[in-house]
Amino acid sequence: MRVKAANHTKNKSAIKWRCHEPLRLETFSDAVFAFAVTLIIVSLEVPKSFNELFETMKGTVSFAACFATLFLIWNSQNLFFRRYGLNDAWTVALNGMLLFVVLVFAYPLKFLFGLLFSFSDQTYIINGQVHSVISDIQIPTLMSTYGAGYTVIYLLFYLMYANAGNRADELKLNATELYETQTIAYLNLICACIGITAILLAWLLPIGYSGLSGFFYFMIPITYFFWLGYRGKKAKKKFGLNELQVS
């Protein structure tokens, strides 16, 4: 069924799927992603009152943002293994590091989106005293923590795709597939550079404005547009393709 579905949706400019059934490595990865989703879940307890239910539902938006982020990472990893089906030592090591980063940064991701989508005062009370959830001087560290996770994830995807490109003969990649593999690899590297730049901005901007470094991530869709447009035009000249299929 997977083979028929892949063949049915196959595009001449797309990378051919070389693996249609999940590997044991992917099964383990799915379990790790499922655990990461559990870590960011809105609440593990059933609300005992309407007020508790209302407070719990306030976290739905931040949970959705965290879930969408993890889903994008999972989907990128899934596409990689569908395309190449690699199970060599280097791929296993890179995938292991990817899963480690996903687990480690689940809570920082939840905390960050919780701040962004908070619908109440960003304070908490201990022993009758009101404390701020985060101070201005701590924001650069928070943004750097998020940026580090983002950067490492994209850097790992770059290394995974670069490894696939280096194994072009083993995988029997044709010229078009190798070109698209390189396109995706460098796209991931560019995204990693965006993360590094955002980290630098978090520390270079004045205290109280370091949170604005997060707006630099809006460069991601702009990067996709220009990079894929450039590579698409080059592919059209080189291979006669009408478009470059990258997911």
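Since the structure is predicted, the reported quantities are computational estimates derived from the model, not experimental observations.

## Details of helix H4 (residues 60-84)
Part 1 of the reasoning: Over its 25 residues, H4 extends 36 Å from the first C-alpha to the last, a length consistent with the 36 Å expected when each residue adds 1.5 Å.
Part 2 of the reasoning: Directly beyond the C-terminal end of H4, a positive phi value near 60° is found at Gly85.

## Observations regarding the pattern of salt bridges
Part 1 of the reasoning: In the structure shown here, the tally under the stated rule is 4 salt bridges.
Part 2 of the reasoning: The partner of Glu177 in a salt bridge is Arg18, with the nearest N and O atoms 2.8 Å apart. On the criterion of sequence distance, the pair formed by Glu177 in helix H9 (residues 175-204) and Arg18 in the loop between helix H1 (2-8) and helix H2 (24-39) is long-range, its members being 159 residues apart.
Part 3 of the reasoning: For Glu177, a relative accessible area of 5% translates into the label buried.
Part 4 of the reasoning: Salt-bridge contacts for Asp88 lead to Arg167; the nearest nitrogen and oxygen are separated by 3.5 Å. Of the two residues, Asp88 is situated in the loop between H4 and helix H5 (89-104) and Arg167 in the loop between helix H7 (139-166) and helix H8 (168-171); the sequence distance between them amounts to 79 residues.
Part 5 of the reasoning: The class of Asp88 is buried, set by a relative accessible area of 13%.

Reading the values: the criteria
Residues numbered from 1 in each chain as written. Predicted model: local features only at pLDDT ≥ 70, side-chain atom pairs only at ≥ 80, totals over all residues. Heavy atoms only, no water. Helix = DSSP H or I, 4+ residues; strand = E, 2+ residues; numbered from the N terminus. Expected span 1.5 Å × (residues − 1). Salt bridge = Lys/Arg side-chain N within 4 Å of Asp/Glu carboxyl O. Buried < 20%, exposed > 50% of the residue type's maximum accessible area, 1.4 Å probe, protein only.

In short, the description is geometric, and any link to function would need to be established separately.
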